[in-house]
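Below are the chains, spelled out letter by letter.
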Amino acid sequence: MKQRKVTVSKAHVIGDDDDEDEQVPSVPEASIPDFILFYSETEANNPSAYEYSYARLGRWVKDSLEKYRVELSTVLFPLFAHAYLDLVSRSMGEQARHFMETYRKDHMDMHSLDVTRLASIMTSDQVKSNELAIQFMTNRYTVRMSRYAFELLLSFLQDNKFMLLTRLLNRHVTIRVDNERPAGDIVRDEGVGLIGLNPSQLEQHNNQPVLLGALPTDPWMKFDKEPHNEELRKLIKREGDPDAPNRDDVPMPPPKFSDVKKELEALKEAREQLSKASVSITAPSICCYTFHNTYDTLTCLTSSSDNSLVMAGFSESILKVWSLKGEKLKSLTHNANKDVIREVEGSDSKRLVGHSGPVYACRISNDKKFALSCSEDTTVRLWSLDTYSNLVVYKGHNYPVWDLDLSSNDVYFATSGFDRTARLWRTDMINPLRIFVGHDSDVDCVKFHPNCNYVATGGGDGEVRLWNIQKGNSVRIMRSHIGPVMALAFSADGKMLASAGLLCFGKTKTVKLWDLASGRLMKSMVGHTDTVYSLAFNSDGSQLASGGADNSVTIWNPRNLEVDGAVASSGEFGGGLGGPREDVKEPKVG
C-alpha cells in the first residue's frame, strides 16, 4: 500500500505569511498545527470512505455536549463541500450524487445557495471552470473555536484514523484557535467562512479613507441673523463636520420649495431638541400600531419621515397606504372638463397595484410625493402619492429584489437582490448608475449613509460592506456574522453601523455595532432568540431598537460598550406581521 507523507505546517491567521507583527495575540497561528499526518491514496480513491467518515463525524458532533456542539459543527459544511468536489474530481459521479443527496439537507438552512450551486457541478471539467468550485479550491475556509473544542476535534480524527477528513481540513480549512475564548462562545466571531482576504489585507482594505461627517449646509440656505444660542448654532451645523465630504461629490438637482420646507422643519426640530435638553428622559417613547386581518400576507412596512403616512407591502403583489392621523386619503383626478382636482370624500386607505410578485420592501419620500417598492418580480416601481398610481418601472436585477433604500435627498436609491449585487439608481433615470459586486451570496439588505456618499449592504455570506457610490468600490468589509445579514441601520452622525442577522445553530441572536472609521466590531448585544429583521437608531444615536421574529422589540444602549444587555425589551406582540418569503426566507418587517 503506497503511503504519502503530508506535513501540516504552521499557518498564520487566515494564511497570512507576510507580517508576524500583525497577528492576533489570542489566536495562535495554527490550522491543525505541528502534526505530521499520513493518509492513504487507497482511502482517497474509495468513495465509501468519504460517506462513512463524514457520517461518523456528523453523528459525533450531534451527540457532543451542547456546550461545544455549535463550534464543532462549523467544520461540517467545508468538509461536505470539499468531499463532494473531491468525488467529482475523481470522476466518481454516481457516488458524488449519492453523497450530495444524502447530506445536502443538513446544510440547506445556512448554505442553501451554495449547496444548490455545488449540486450543479457534475464533472471534473466543471470543477475546474465553475466559479464557486474555483473559489473553494483556491481559498481556505476559516472557522474559529476554543482550544478545548479544537483538541476534541483533533482527538476524534486521530482516534478514528480519519486521515481522509484530516487531509481535507489540512488542505482547505483554517481553524483559528482562540485560547481566551470561552468554550461554546461564538458571539464575537470575526473572519469566518470562505475568506478571500487575509487579516493584513483586510486591515489594509479597511484603512481606505472615508468621509463620514454630515454635509455642510447648502449655500442657498442663508440666515439673515446668526442664532444667539451657541447650542442652536451647533445643532444647525452650518459648516459641516471636519470629515464631511464635499457637497459637489454627489451631483444634486437644484433645490425645490420642498427642500426649503424640509430645512425649516429641521430647524424647528433643532429648537425643540434644545428646549428638551435639560429634561431627563428615563425611558424611550414608543408608539405601537397593530395591523389586523393581514392573514400572514404582510411582508414589509415603512412610514414617512414625519410619521403621518404608513405603507405596507403584501405577498399578494399589492401595496397599501394609510394615514396615521386618521385622515381620509384623497387622490388627484380629472373632472369632466379634464381639470385636475382632488377627491372630495377620499378613503381610509389606497391600494397600489402593479407588481406581479410579493413585495419585499418599500420607502416613502421625505416630501411624501412618491414612494418606491421592490418585488420578487425583479422590478422596482415608483408610485405617485398624489394619484396613487405607478409612474416608473426600473428593470436591472435578474432575480428577486430583496430590499431598497431611498437617500435622504430623495434623488438616489439603492437596491439589493438575489443576483448577489446591489445597485445605485436615480429616480429620474431608468438604468442603474452603479452595480456593486463583491458578496458571495445574495444581498439581503441595503442602507444609505446619512451623508448620501456611501451605501451599506448585508449579504447571505455574513459580510457587511460599505461602498463608495462615487467610485463604486468597497471601502469597508466587516465580518462577524455566522449567517445572512438581514438588517442594517446607521447612527444619525454616520459614525456607527448596526447589523443583525438570521438565526443560526439555534444560538441566541446578537445585534452587532461597527465603528465605520476603522471597520472594527465595537460591540455584540445579546438578547433576541430568533432572527432580527429590523433595526433603527433614534435621532441622537443614544438608543437602538431591534425587532425580531421572537415577537419582541428591544431597546439597546449603543454607547455603553461594556454592557451587552438591553435598556428595555418588550415581547408578546403576537405571532408576527407576515408569512415567509415564498421558497426563500421569512419577510423583513421594518
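About the cut-offs
- Residues numbered from 1 in each chain as written.
- Predicted model: local features only at pLDDT ≥ 70, side-chain atom pairs only at ≥ 80, totals over all residues.
- Heavy atoms only, no water.
- Helix = DSSP H or I, 4+ residues; strand = E, 2+ residues; numbered from the N terminus.
- Buried < 20%, exposed > 50% of the residue type's maximum accessible area, 1.4 Å probe, protein only.
- Contact = heavy atoms within 4.5 Å.
- Areas by Shrake-Rupley, 256 points an atom, 1.4 Å probe, with all protein chains shown as cover.
- Axes fitted to C-alpha atoms, helices over the stretch in contact; angles between N-to-C directions.
- Parallel < 35°, antiparallel > 145°, perpendicular 65-115°, else oblique.
- pLDDT = per-residue confidence, 0-100.
- Pairing = 2+ DSSP bridges.

1. Points about the overall build of the chain
Scanning the chain from terminus to terminus reveals 13 helices and 31 strands. Looking at the chain as a whole, 49% of its 590 residues qualify as buried. Sequence-distant contacts, at least 24 apart, represent 57% of the contacts inside the chain between residues at least 6 apart. Roughly 28,400 Å² of accessible area belongs to the chain as shown, and the carbon and sulfur atoms make up 49% of that amount.

2. Focus on the packing of helix H4 (residues 76–89) against helix H6 (residues 108–119)
If you want to describe how two helices pack, look at the angle between their axes and the distance between the axes. At a minimum axis distance of 11 Å, the contact between H4 and H6 shows a crossing angle of 10°. One finds that H4 runs roughly parallel with respect to H6. Here Phe-77, Phe-80, Ala-81, Tyr-84 and Leu-85 of H4 come into contact with H6, specifically with His-111, Asp-114, Val-115, Leu-118 and Ala-119.

3. Notes on the confidence of the model for the chain
This prediction gives the chain a mean pLDDT of 79; 73% of its residues lie at or above 70. The low-confidence segment residues 1–42, where pLDDT is below 50, has 83 contacts with residues more than four positions distant or belonging to other chains. Within the model, pLDDT remains below 50 along residues 571–590, and this stretch shows 59 contacts once partners closer than five positions in the same chain are excluded.

4. Some details on the sheet that holds strand S7 (residues 309–314)
Reading across the sheet, the four strands line up as S6-S7-S8-S11 and stay open at both edges, with antiparallel pairing between neighbours. This sheet does not close on itself; its edge strands, each paired only once, are strand S6 (298–303) and strand S11 (349–353). Across the sheet, the axes of successive neighbouring strands diverge by a mean angle of 20°, strand direction being ignored.

5. A few points about the pairing of S6
Summarising burial for S6: five of the six residues are buried, a large majority. Relative to S7, S6 runs antiparallel, the two sharing five bridges. Within S7, the position partnered with Leu-298 by the bridge is Phe-314. Here S6 hands over to S7 after five residues, with Asn-307 in that stretch at a positive phi of 60°.

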